[in-house]
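A structural walkthrough
Here are the chains, one letter per residue:
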Amino acid sequence: MNFKKEIAKRRTFGIISHPDAGKTTLTEKLLLFGGAIQEAGAVKNNKIKKSATSDFMEIERQRGISVATSVLAFLYKDKKINILDTPGHKDFAEDTFRTLTAVDSVIVVIDVAKGVEEQTKKLVEVCRMRKIPMIVFINKLDREGKDAFDLLDEVEQELGLTVTPLSFPIGMGYDFKGIYNIYEKNINLFSGDSKKNIEDTIAFDDLSNPDLDKIIGDKAAATLRENIELIEGVYPPFNKQAYLEANQQPVFFGSALNNFGVRELLDCFIEIAPPPRDKMAQERLVKADEQQMTGFVFKIHANMDPKHRDRLAFVKVVSGTFERNKPYLHVRQDKKLKFSSPNAFFAEKKEIVDTSFPGDIVGLHDTGNFKIGDTLTEGETIHYKGIPSFSPEHFRYINNADPMKSKQLYKGIDQLMDEGVAQLFTLELNGRKVIGTVGALQYEVIQYRLEHEYGARCTYENFPVHKACWVEANDPNSDEFKEFKRVKQKFLATDKRGQLVFLADSAFSLQMTQQKYPNVKLHFTSEFS
Ligand code: GDP
């Protein structure tokens, strides 16, 4: 087995979008191409529709049965493709941010009628900061939508991207005739029939060919020629290096539901998207083709069956090969662990594997050893960076509602926090516990899970906090820092890792504090260097 060949074969990516843009539909069509599923409807839409706990629980239950939906792997034209699921619902944005630390590239799906939406903006911003290569797919061309050039402008301006279209629509909505593939120089005609032959394309090396007028009509042909000329004049030609460095983003148009433009996207994707990339650790840059295994936990999934309280930790292999029954160093705990049944994921199932390669996701059964961000190695002390906590948006005191069950409560809270469901802050002044979350929905989820999985009950009490800021003192022994700690004691807490956090009660108090204590730095994420 050639190690380097295995690495070169892999494409690990995420699809990001605002809910309803078509992420699930596109995922499903990609799986159909890979032959990984046989029919539409096989991919569960894990969307939260009503923002209700019952909805969330239902999804979690389904996922518990088939956790494979977190990672969908399939083979296509000799490439091993791993799609990592990213929840679109904003209350679960942190889960998505963490998953983005494990992808090597992303596809951004945009609804042709709605254009750039709020969640797209936030997620693309993260990808931009992390220099993740992105391909944009503009979806639902079978519907009336915005003008294609206006949309390209919107994507550039609102998402801060530098686009270059690799395909372009011929008409739209009612008049949608097909797509000109700039990358392959051919035309794919739209028939509105998703079962039509996907190879049904007509090569057009030269758009001045009069056959074009015959096939799509004089008017559409003239418009297409004009549009392509305009594109060539306005947009830079596709540059693979620029794409890989996240300085240019190719754009495709299509209709996922009609399976239209998806093959073009996938064929281009496997050609240009990066194989597993090298990753920066706190200590050094780790190359994907190093022989020694390194990997990190980016997601922990609880099994929702209360009878088996085991969890599945998802590890992205960064370098080397991950082997079954080989001892690996759990760096944070400084102990060696062996895994007798590491799981690999396929479209609809998971199974035990002996060897996994960089880019692969391995699922490890865990009884409470792992936290998000943990690193595994063959002995070297390496900490992978890039999974910071963000300041939550909601804060509440958590109280024990059943004094007989406090042990269960604390164990439950501890484990749920390790999974990254929410963040726990312990007040310096009185040791009270405050839970911070991205969305209000998580409080109900925590309550439900504490009760059903740990047999503990809790109540909440409002705690008005505007933002949590991680504190960094230029000089921890300075009088300024000591005064800050004394004056602000009521608002200080520690997070799970023991880092000091300032819980500002208003934007005003945050601003005043920053002015008054210029040598005390307040960060909105837990990771700073
Ligand atoms: P997600 O929330 O991003 O995963 O979106 P879904 O894949 O669930 O799609 C949301 C809705 O848009 C569903 O009703 C889909 O059937 C529909 N949809 C997806 N792609 C297309 C498309 O190309 N054309 C049309 N007309 N509808 C689409």
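All values reported here derive from a predicted model rather than from experimental measurement.

Rules used in this analysis
Throughout, residues of each chain are indexed from 1 in the direction in which the sequence is written. Selection of residues for local features in this predicted model requires a pLDDT of at least 70, selection of side-chain atom pairs for listing and counting requires 80 or more, and totals for whole chains, interfaces and linings are taken over all residues. The numbering of helices and of strands both runs from the N terminus, where a helix is a DSSP run of H or I of at least 4 residues and a strand a run of E of at least 2. Remark: residues whose backbone-derived C-beta atoms lie within 7 Å of one another are considered to be in contact. Exposure in this text rests on C-beta crowding, where 20 or more other C-beta atoms within 10 Å of a residue's own make it buried, 12 or fewer make it exposed, and counts in between make it partly exposed. The C-beta atoms are placed from the backbone. In this entry, near means the residue's backbone-placed C-beta atom lies within 6 Å of the molecule or strand. Residue polarity follows a fixed list, in which Ala, Val, Leu, Ile, Met, Phe, Trp, Tyr, Cys and Pro are nonpolar, Asp, Glu, Lys and Arg are charged, and the others, Gly among them, are polar. To define a nonpolar core, we join buried Ala, Val, Leu, Ile, Met, Phe, Trp, Tyr and Cys residues through C-beta atoms within 7 Å and take the resulting set. Note on pairing: DSSP must find at least two bridges between two strands before they are called paired. A fitted line through C-alpha atoms represents every axis, and for helices the fit uses only the stretch in contact; the resulting angles, taken between N-to-C directions, go from 0 to 180 degrees. One number per residue, pLDDT, summarises how confident the predictor is, and it ranges from 0 to 100. Comment on the angle field: the value is read as roughly parallel under 35 degrees, roughly antiparallel over 145, roughly perpendicular from 65 to 115, and oblique elsewhere. Each crossing gets its hand from how the near helix is turned against the far one by less than a right angle, where anticlockwise is left-handed and clockwise is right-handed. One less than the residue count of a helix, multiplied by 1.5 Å, gives the span that helix is expected to have. As used here, the arc is the angular range of directions from the helix axis to the C-beta atoms.

A few words now on the overall build of the chain. The number of helices and strands found in the chain is 14 helices and 31 strands. Put simply, of all contacts in the chain between residues at least 6 apart along the chain, 72% involve residues at least 24 apart.

It is worth spelling out the environment of glutamine 415 at this point. Take glutamine 415: it is sitting in helix H11 (residues 406-418). Note on glutamine 415: 22 C-beta atoms within 10 Å, which makes it buried. For the pair glutamine 415 and alanine 302, spaced 113 residues apart in sequence, the C-alpha to C-alpha distance is 9.4 Å.

By nearness alone, 19 residues border the ligand, and Lys23, Thr24, Thr25, Ser255 and Leu257 come closest of all. Top contributing element to the shell around the ligand by residue count: helix H2 (residues 23-33), with 3 residues. Taken together, the residues of the shell around the ligand break down into 4 nonpolar, 9 polar and 6 charged.

Val106, Val108, Val136, Phe137, Val297 and Val315 are the most contacted members of the largest nonpolar core, which totals 99 residues. Per element, the largest residue contribution to this core is 6 residues, and it comes from strand E15 (residues 311-319). Here phenylalanine 137 is in contact with Leu26, Ile107, Val108, Val109, Phe252, Gly254 and Leu265, once residues within four sequence places are set aside.

A few words now on the sheet that holds strand E7 (residues 167-170). If you walk across this open sheet you meet the 4 strands as E7-E8-E9-E10, and the pairing is antiparallel. Looking at strand neighbours, the two that pair on one side only are E7 and strand E10 (201-203), the edges of this open sheet. Averaged over neighbouring strand pairs, the angle between their axes works out to 25° when direction is ignored. Judged from the 4 bridges that link them, strand E8 (residues 178-181) and strand E9 (residues 186-189) form a sheet pairing that is antiparallel.

Taken together, the 7 strands give an open sheet; going across it, the order is E2-E3-E1-E4-E5-E11-E6, and neighbouring strands pair in mixed fashion. Because the sheet does not close on itself, it has two edges, and the strands there are strand E2 (71-76) and strand E6 (163-165). Ignoring strand direction, the axes of neighbouring strands in this sheet form an average angle of 25°. Strand direction decides the pairing type here: strand E1 (residues 10-17) and strand E4 (residues 105-111), joined by 5 bridges, are parallel.

In terms of residue burial, strand E26 (residues 433-437) counts as a mostly covered element, since 4 of its 5 residues are buried. Bridge count for strand E24 (residues 394-400) against E26 is 4 bridges, and the pairing is antiparallel. In the strand pairing of E26, arginine 396 is matched with isoleucine 435. Here 4 bridges tie strand E25 (residues 423-427) to E26, and the two strands are oriented antiparallel to one another. Considered in E26, the bridge of glutamine 423 is made with glycine 436. The antiparallel pairing of E25 with E26 creates a hairpin that spans 5 residues between the two strands, and glycine 431 there sits at a positive phi of about 75°.

This part is about the confidence of the model for the chain. Looking at the chain, pLDDT values average 87 and 89% of them are 70 or higher. A low-confidence stretch, residues 63-68 stays under pLDDT 50, and its non-local contacts, those more than four residues away or across chains, total 13 contacts. In the model output, the complex is listed with pTM 0.85 alongside ipTM 0.99.

Bringing the environment of methionine 129 into the picture now. Along the chain, the position of methionine 129 falls in helix H5 (residues 118-129). With 9 C-beta atoms counted inside 10 Å, the residue methionine 129 sits in the exposed group. Sequence spacing of methionine 129 and isoleucine 216 is 87 residues, and the spatial spacing of their C-alpha atoms is 42 Å.

The phi torsion at aspartate 78 lies on the positive side, around 80°, for a residue other than glycine. Within the secondary structure, aspartate 78 is located in the loop between E2 and strand E3 (79-84). Residues other than glycine seldom take positive phi values, yet asparagine 325 does so here, at roughly 65°. By the element assignment, asparagine 325 lies in the loop between strand E16 (322-323) and strand E17 (328-330).

On to the packing of H11 against helix H12 (residues 441-454), then. For any two helices packed against each other, the geometry comes down to the angle between their axes and how far apart the axes lie. As a packed pair, H11 and H12 sit with axes 10 Å apart at the nearest point and diverge in direction by 120°. Looking at the two axes, H11 sits oblique to H12. As H11 packs across H12, the resulting crossing turns out to be right-handed. Here Gln408, Leu409, Lys411, Gly412 and Leu416 of H11 come into contact with H12, specifically with Ile446, Arg449, Leu450, Glu453 and Tyr454. Residue composition of the contact of H11 with H12, grouped by class: 5 nonpolar, 2 polar and 3 charged.

The next subject is the packing of H2 against helix H10 (residues 262-272). Contact geometry of H2 with H10 gives a least axis separation of 10 Å together with a crossing angle of 70°. Classed by the angle they form, the pair H2 and H10 counts as roughly perpendicular. Contacts from Leu26, Lys29, Leu30 and Phe33 of H2 reach H10 at Val262, Arg263 and Leu266.

For H5, built from 12 residues, the straight-helix expectation of 16 Å at 1.5 Å per residue is met to within 8% by its first-to-last C-alpha distance of 17 Å. Buried within H5 we find Thr120, Leu123, Val124 and Cys127. For H5, the angular spread of the buried residues around the axis is 100°, confining them to a single face. Along H5, the residues that are exposed and aim more than 90 degrees away from the buried face are Glu118, Glu125 and Met129. Here the buried face of H5 lies against E1, helix H4 (93-99), E4, strand E5 (134-139) and helix H6 (148-159). Of the residues trailing H5, lysine 131 is marked for its positive phi of about 55°.

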